[in-house]
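Now for the letters of each chain:
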Amino acid sequence: MVKNKYQRLNKDEKREAREKYYQTKVGAANKARFLRLLICGLLCIIYSAVLVVDTIIEQKTYWYYILAGTMFIFGLIFIIGRAKLIVRNVNNYLIKNK
């Protein structure tokens, strides 16, 4: 699989590219969306951990484990999807603005 332009940058250059992207009008709007995705993902993961602990303590049915697993999966989807969107958007920005 061929690496895109963003993936070939080192750590400092990636940070600079993200900062330049966030200074654009579209980047500023997306930054708030990315933050919301991160918060939702973390809340899903934390809630799933709390649900598992509560299920163990209260000795509830296995449906609570399924609910906790589902919440954990959604949290991971939010966080991984956020990372992929950031890479895609910043890469498109780098390609357009050499």
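Residues numbered from 1 in each chain as written. Predicted model: local features only at pLDDT ≥ 70, side-chain atom pairs only at ≥ 80, totals over all residues. Heavy atoms only, no water.

(A) Quick peek at the pattern of salt bridges. Inspection of every chain in the model, using the stated rule, returns 2 salt bridges. The shortest N-O distance in the salt bridge between D12 and R15 comes to 3.3 Å. With D12 and R15 both in helix α1 (residues 11-22) and 3 residues apart, the pair spans about one turn of that helix. Taking relative accessible area as the criterion, D12 reaches 45% and is therefore assigned partly exposed. On the basis of relative accessibility, which here comes to 38%, the residue R15 falls in the partly exposed class. Between D54 and K60 there is a salt bridge, and its shortest N-O distance comes to 2.8 Å. Judged by its relative accessible area of 26%, D54 falls in the partly exposed class. (Salt bridge = Lys/Arg side-chain N within 4 Å of Asp/Glu carboxyl O. Helix = DSSP H or I, 4+ residues; strand = E, 2+ residues; numbered from the N terminus. Buried < 20%, exposed > 50% of the residue type's maximum accessible area, 1.4 Å probe, protein only.)

(B) Just the packing of helix α2 (residues 25-58) against helix α3 (residues 63-96), in detail. Taken N-terminus to C-terminus, the directions of α2 and α3 make an angle of 160°; their axes are 8 Å apart at the nearest point. Judged on the interaxial angle alone, α3 and α2 are roughly antiparallel. The handedness of the crossing between α2 and α3 comes out as left-handed. (Axes fitted to C-alpha atoms, helices over the stretch in contact; angles between N-to-C directions. Parallel < 35°, antiparallel > 145°, perpendicular 65-115°, else oblique. Left-handed = near helix turned anticlockwise from the far one by under 90°.)

(C) Structural context of α2. Between its first and last C-alpha, α2 extends 50 Å over 34 residues, near the 50 Å set by a 1.5 Å rise per residue. Those residues of α2 that fall on the buried side of the exposure criterion are G27, N30, F34, G41, C44, S48, L51 and T55. Buried residues along α2 sit in contact with α1 and α3. Two or three places before G27, at the opening of α2, T24 has a side-chain oxygen 3.0 Å from that residue's backbone nitrogen. (Expected span 1.5 Å × (residues − 1). Contact = heavy atoms within 4.5 Å. Polar contact = N/O pair within 3.5 Å; in protein donor to acceptor, adjacent residues only side chain to side chain.)

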